[in-house]
Structures are given as C-alpha cells and as structure tokens.
Amino acid sequence: MNMEDLYRVLRTSHVQAQGIVDTVAYPLLVLDESLCVQAASLSFFRTFKVDRYETIGQPLYELGNGQWNIPDLRILLSDVIPRATAVINYEVEHDFPNLGRRRMLVTARTLHHPDNGSHRMLLTFGDVTERCRRDSARDMLVSELRHRMKNVLAVAQSIARQTATKGRSAEQYRDDFLGRFGALIAAQDLAFADQGEGDLATLIERVFAPYTANPDAVVIEPGAAVELSPRETMALSLILHEMGTNAAKYGALSESGGQVRISWQVDDANTELHLKWTERGGPTVKAPTTTGYGTELIQSAVSYNLQGRMEQNYAATGLESEIVIPLGRTSLPG
Amino acid sequence: MQKTVLVVEDEFTIAMDLQNMLETHDWRVIGPVANVQGALRLLEKELPSVALLDVNLGNELVTPVAKFLKRHDVPFALASAYEKAEQIGGNILAGAPNVGKPAVERSLLATLNRLVG
C-alpha cells in the first residue's frame, strides 16, 4: 500500500485506516491539526522502542521525553508543510536517547478533510543511518583503490622508462620490463587479497613460481609468519625478482645443478626481518664492476623504500646476501 | 644560474625517474628524499628554486615540508595521485598545482618552469 491508497482510505473510513496503519511496514504516524498522534504503525513502536499507550493522543513534541522535539523536524512541520502538500525524504539527523545518533528521511503528507476543512498529517520515517555509513565506507574504499591504482601505474611507468634500452634488442627490453611488471602484479595481487596484508612466504612463492620447473633450483625454507604492508610487499617483490634475475644471468641459476636457498627470521622483539639468500653450485662469482638498473633497484628498494640495509658477500661458492628491514612501522595506505 | 628542485617522493622507482627526467632538462635535483625529516635536513642546507612534493609518504604526510617551504617563500608543486590533496595533507596544500601521478613529463616541466617564473 502506498501513500495515495492510504490517503483514499483515510478519507473514507477511519476504523479501516487504523487497521491498515498497523500493517504498514515502516514507521508511520498520523497527526491531527495540533500535531497530536492519532495513529502509529507497529513498526513505529518497534523502531523507536515506545509503546502504544505512551504515544497515541500525545503531542508529537512531547513523545518519549521530547525526543521528537527536533529543530529540523519543527521547521519541516511548521514552515515547509503548510506550503506544500507533500514533502519527500526530508533529512533529519538526531540523537535519540534509546537509539543513538540516527539519520532519518522523513516523508510528510497533509490530508485535507473534504467536508469540514480540517486536516491531518501522515509522517513516515526511513532510518538511513546504516545505509549512509555503508555509502561513506564504500566511497572511502573506492578513493583508496583509485589512489593505489594510480600509484602502481606510476611505478610501472617509471620502471618502463628506466629499464635499460642501450645495447638491448626490443625483445630483450620487453622481457626485462615484463619480468619487473610481473613482480608488480604479484605484489598487487597479494596486497589486494586480504585486507591489504600480504604474507611473506606467499610472496616469495609467487615471485619464484617461474623457477619451479626444477624443484631443486630455488629452495624456500619455512619461516615465521610475516605480515607485510602493501608498500613492503611491492618493494620486496621487486627486490626478489631482481635477485632471481641476477642469479639466472650470472649466478647459481645460470647453471644446471645450481641452487638458491631463501630463508628468513624475525628477531625476538618482532622489529626486524632478516632475509637470507644463499647461492650454491653456480659459477665462481665476482662483485660486479658496473651497476645496472636492476642492482640499483635492489639497493634503493631496500634502503630508500624499506629503510633497511643489505649485505652482499661474493663468496667463491656463490653469492650470499642478507637483507634486514624494520617491521611494524605504522603506515598510511598507498 | 641553474634552477634547483627539491624532490620529495617515497617510492624510489618514481623518485629515480623524476630525477632522471629533471636532470635531462637541466634541472639540478636536491634529493630525492623519502621522508619529512630528510627533506627538512636538506632544506636547512639549501633552499631550492622550487619543490616537487608527493603528499602521502607512506607513514607520514608531506605537510611539514610544505609549511617550511611556504615560510621561506619557496613555491612548490604536488605530484600526488589524490585529486584533492588538501583534503589529505591540509590547507597548506590548497592552491598548489598538482602534476598528478603518474605525471606527464611535459606538464610537469611546464608547471615547474611556471612556478620559478
């Protein structure tokens, strides 16, 4: 039943109307000319936690210790209503003693009696507090996702511009870039998965998935659970990808039978992550004399992004690296 | 005299890219630097012609750097993914041009040149 139907019924039969009012699903009040409550729907009693006896016959503004004596509602009833037959979804925000702060959409309609010129008023209340809260949470999430998306595009753009072109074929450039892009994708995947918390073990697995054809090539030792922020996830993903690439080009993964062993520990105070990288079975390694973008990327991601440090030992048996990064710094999103 | 620009950006891939781009176009880059403390330390030594600021520096906002720059009459531009950066970083950022993120090279350079006059 809508307002129009109810209007028609109220004009013809008061008794019938009373029964109908009770069946209306949302909180509804019928007021007389002096704004005393003539009828109220069951939903009104339930929603506002009041009973029939303290409501019917009472002036609206005195109901429930004056909880309806709301400035915005007074303006609606005294100023707006007399000039319009109907007001739809007029917003009222108010602290209700029993309910707390609620945001209501009030719809009002005046009913003129055809014979004696008296009038009544129908008022309905839609509680949109929850809906507004959900809307604003969703808006925040959307804005946060937009920010993150633009940020990761900016990173991809920067990497594309800085990936070496000199002396490289187009195919080589593409593969280099797509390798780094893949590390970004792995990080995003993880960062978006579970409330923005990425897990170190999963990240390492994802980054080294391309090497799993030979199960002995990359050995990931089980370690403590470490939750990473999206920023940490992205930086570590790029670092690990570059280290893998370097091992495949110059280190243990460049020869069959070579092996990379990855392990990590968290110190007792849970403030530092120690990530160890050990190469064995590859060619004899020497410290490189020039640094390319890949090496710069590793070092800058550790020191600049993660405010950590890195030690590298070009041992005769293979490269040994240790990355130490501080954990648990509170961070803003993005 | 060579124009100087302070770059505050916490993401190193973007910071390095900005640095390369600016140096190619004859700017001398101060930084890049990833946090407020580092930026203020650099500013104590030398005031740049202009500054390029990311707004959200991971675990802090760039706002104190913007305040310092304002006090010393150094113009600044923003390089932020936020559309309304002042809602995040405060009123001090209102009115500062935002070259966006990702930044388009041409408009970034044009904005910095306009700010130094």
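A few points on the structure.

Thresholds, definitions, all that
Think of each chain on its own: its residues are numbered from 1, step by step along the sequence as written. Lettering for chains starts from A, numbering for ligands starts from 1, and both go in the order in which the items are written. The model is predicted, so local features are restricted to residues of pLDDT at least 70 and side-chain atom pairs to those at 80 or more, both for listing and for counting; the totals for chains, interfaces and linings are taken over all residues. Excluding hydrogens and water, the side-chain figures rest on all heavy atoms present in the structure. Starting at the N terminus, helices and strands are each numbered in turn, a helix being any DSSP run of H or I of at least four residues and a strand any DSSP run of E of at least two. Throughout, radius of gyration means the C-alpha value; the globule benchmark is 2.2 Å times the number of residues raised to the power 0.38. Three exposure classes are used, based on accessible area relative to the maximum for each residue type with a 1.4 Å probe and protein chains only: buried under 20%, partly exposed in between, and exposed over 50%. Basic side-chain nitrogens of Lys or Arg form a salt bridge, by our definition, when they fall within 4 Å of a carboxyl oxygen of Asp or Glu. It only takes one pair of heavy atoms within 4.5 Å for two residues to be counted as in contact. A quick way to say it: buried area is the sum, across both parts, of accessible area lost when two parts are put together, with a 1.4 Å probe. Pairing of N or O atoms within 3.5 Å defines a polar contact, subject to two protein rules: one partner must be a possible hydrogen donor and the other a possible acceptor, and residues neighboring in sequence count only if both atoms are side-chain atoms. Polarity classes work like this: nonpolar for Ala, Val, Leu, Ile, Met, Phe, Trp, Tyr, Cys and Pro, charged for Asp, Glu, Lys and Arg, and polar for all others, with Gly in that last group.

### A few points about the overall build of chain A
Thought 1: Each helix and strand in chain A was counted, giving 10 helices and 12 strands.
Thought 2: The C-alpha atoms of chain A give 34 Å as radius of gyration, which overshoots the globular expectation for 334 residues (20 Å, by more than 25%).
Thought 3: Considering only C-alpha atoms, chain A reaches an extent of 105 × 45 × 35 Å along its principal axes.
Thought 4: Here chain A holds 334 residues, and 42% of them are scored as buried.

### A closer look at the pattern of salt bridges
Residues and elements named next belong to chain A.
Thought 1: All told, the structure shown has 21 salt bridges over all chains when counted by the stated rule.
Thought 2: A salt bridge links Asp127 to Arg102; its shortest N-O distance comes to 3.0 Å. Of the two residues, Asp127 sits in strand β5 (residues 119–127) while Arg102 sits in strand β4 (residues 100–112), which places them 25 residues apart along the sequence.
Thought 3: Since its relative accessible area comes to 21%, Arg102 is described here as partly exposed.
Thought 4: When the shortest N-O distance is used, the salt bridge between Glu242 and Arg180 registers 2.6 Å. Residue Glu242 is found in helix α9 (residues 230–249), and its partner Arg180 is found in helix α7 (residues 170–193); the two are separated by 62 residues along the sequence. Side by side, Glu242 and Arg180 carry an identical accessibility label, which is buried.
Thought 5: Beyond isolated ion pairs, a larger network of salt bridges with shared partners links Glu91, Glu93, Asp95, Arg101 and Arg103.

### Things to note about unusual backbone geometry
Thought 1: Here the bond from B:Gly31 into B:Pro32 is cis, since omega is 0°, no more than 30 degrees from zero.
Thought 2: Looking at the element boundaries, B:Pro32 is found in strand β2 (residues 28–33).
Thought 3: Here the bond from B:Lys101 into B:Pro102 is cis, since omega is 0°, no more than 30 degrees from zero.
Thought 4: Within the element layout of this structure, B:Pro102 appears in the loop between α4 (85–89) and α5 (105–116).
Thought 5: One non-glycine residue, A:Leu35, lies in the positive phi region at around 65°.
Thought 6: The topology assignment puts A:Leu35 in the loop between β1 (28–31) and β2 (37–40).

### Quick look at the interface of chain B and chain A
Where interface size is given, it is often the accessible area lost as the parts come together that is meant.
Thought 1: With 27 residues of chain B at the contact, the number on the chain A side is 29 residues.
Thought 2: Roughly 2,300 Å² is buried in total at the junction of chain B and chain A, and carbon and sulfur atoms are behind 51% of that figure.
Thought 3: At the boundary of chain B and chain A, one finds two salt bridges.
Thought 4: Residue A:Arg231 is joined to B:Asp10 by a salt bridge in which the shortest nitrogen-to-oxygen separation is 2.3 Å.
Thought 5: One can count 12 residue pairs in polar contact (both at pLDDT 80 or more) joining chain B with chain A.
Thought 6: When residues of the side of chain B that touches chain A are traced back to their parent elements, those giving at least two are α1 (12–24) and β2 of chain B.
Thought 7: Ranked by residue count, the leading element in the side of chain B that touches chain A is α1(B), at eight residues.
Thought 8: When grouped by side-chain class, the residues that make up the side of chain B that touches chain A number 13 nonpolar, six polar and eight charged.

This is a description of form; function is not addressed.
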